[in-house]
Amino acid sequence: IRATSLDCMSQVNLSPVSTNSEYNEPVFMIGSDPKEKVPTLMALDTQASANLMDVDLQRELKLEIERCDQELVPLQTKTGKDRIKPIGIAKGVEWHFAQREKTFTSDFLVVDMKNYNIILGRKDIKRLRILKSGPGLERRTMIRSSSCA
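Quick caveat, the model's predicted, so the values are computed rather than measured. The residue numbers shown here count from 1 along each chain, following its written sequence. The predicted origin of the model limits local features to residues at a pLDDT of at least 70 and limits the giving and counting of side-chain atom pairs to 80 or more, whereas totals for whole chains, interfaces and linings rest on all residues. Where side-chain values are given, they derive from all heavy atoms of the structure, hydrogens and water being excluded.

Caption draft 1: Quick look at the overall build of the chain. The helix and strand labels rest on DSSP assignments: H or I over at least four residues marks a helix, E over at least two residues marks a strand, and numbering proceeds from the N terminus. Scanning the chain for helices and strands turns up three helices and six strands. Residue burial is assigned from relative accessible area. The probe radius is 1.4 Å, only protein chains are included, and a residue is buried under 20% of its type maximum, exposed over 50%, and partly exposed in between. Taking all 149 residues of the chain together, the buried fraction comes to 39%. Contacts are residue-level and defined by heavy atoms, with any inter-residue pair within 4.5 Å sufficient. Across the chain, the fraction of contacts at a sequence separation of at least 24, relative to all contacts at a separation of at least 6, is 60%.

Okay, structure coming up:
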C-alpha cells in the first residue's frame, strides 16, 4: 500500500481549515481600544466550521479571551483523531473590510496558526452575507397561496 501525502503530514502541518481558500481579503481588526485597528488578511473559508484567530493577532489586539471547551478536527486528517484545542474564544470582535465602512462583529476561536491570521468560517460567511451564489446557484423562493377556492 502506497502512503498518501496526507499520511506523511505531521501534526504541525495540519490546519484546522481546508486551506483551499483563495478568498483572502484585506481587513481591519478592531482591538480592545476602538481607536486602534490592525490591518491583516482574512481567509474566507466555506469549509471551516468556526471562525479562527491566530494567538499572536489576539495578543496584538489586546483582546480578552474566555475559556473554551470546543475542539477542532482538521479537515486534512483521515481518522478524526487529530484534534486542536483552542486557547480560548474572543467574543464580539469588531472588524471591517479595507476601504469599506460597514463594521461586522464575530466571535473567534483563538488558536496557534502558522498560515493564517484570521479565518472567517461558513456560519458567519452565511450569517453576514459575505459571499453570494453566482448565476445558476441562487435559491428561488416560491410563495404559495393558502386560500381555498
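What follows picks up the thread again.
Caption draft 2: Examining the packing of aromatic side chains more closely. Here is the rule: rings of Phe, Tyr and Trp (six-membered ring for Trp) pair when centre to centre is within 6.5 Å. Planes less than 30 degrees apart are stacked, more than 60 are edge-to-face, and the remainder are tilted. Here the structure, examined in full by the defined rule, presents three aromatic pairs. Considering the side-chain rings of Phe97 and Phe104, the 6.0 Å spacing of their centres and the 80° angle between planes classify their relative orientation as edge-to-face. Here Phe104 falls in the buried class, since its relative accessible area comes to 9%. Within the aromatic cluster, the residues linked to one another by ring pairs are Trp95, Phe97 and Phe104.

Caption draft 3: Molecular detail of the pairing of strand E2 (residues 37–44). Strands are labelled as partners when DSSP assigns at least two bridges between them. Where strand E1 (residues 24–30) meets E2, seven bridges bridge the pair, whose relative direction is antiparallel. If you follow Phe28 over to E2, its bridge partner there is Pro39. The hairpin formed by E1 and E2 contains six residues between the paired strands. Direction of pairing for E2 relative to strand E6 (residues 118–120): parallel, over a ladder of three bridges. Bridge pairing in E6 links Leu44 to Leu120.

Caption draft 4: Examining the nonpolar core more closely. Counting 22 residues, the largest nonpolar core has Met29, Met42, Met53, Trp95, Phe108, Leu120 and Ile130 as the members making the most contacts within it. Put simply, the parts of the chain that give this core at least two residues each are E1, E2, helix H2 (55–61), strand E4 (88–97), strand E5 (104–111) and E6. For this core, the element with the highest residue contribution is E4, accounting for four residues. One finds Ala50, Ile89, Met113 and Tyr116 within the second-largest nonpolar core, a separate group that totals 13 residues. Grouping buried Ala, Val, Leu, Ile, Met, Phe, Trp, Tyr and Cys residues that are joined through side-chain atoms within 4.5 Å yields what is termed a nonpolar core.

Caption draft 5: Highlighting the pairing of E4. Of all 10 residues in E4, seven are buried; the element is thus mostly enclosed. As paired elements, E1 and E4 share four bridges and run antiparallel to each other. The partner of Met29 across the bridge, within E4, is Trp95. Here E4 folds back onto E5, and the loop between the two strands holds six residues, one of which, Gln99, carries a positive phi near 60°.

Caption draft 6: Summary view of the pattern of salt bridges. By definition, a salt bridge exists where a carboxyl oxygen of Asp or Glu is found within 4 Å of a side-chain nitrogen of Lys or Arg. This structure, assessed with the given rule, holds five salt bridges. For Arg67, the salt bridge identified is with Asp69, shortest N-O distance 3.0 Å. On the accessibility criterion, Asp69 (57% relative accessible area) is exposed. Of the charged contacts, one joins Asp112 and Lys114 as a salt bridge, the two residues approaching to 3.4 Å between their closest N and O atoms. For Asp112, a relative accessible area of 52% gives the class exposed.

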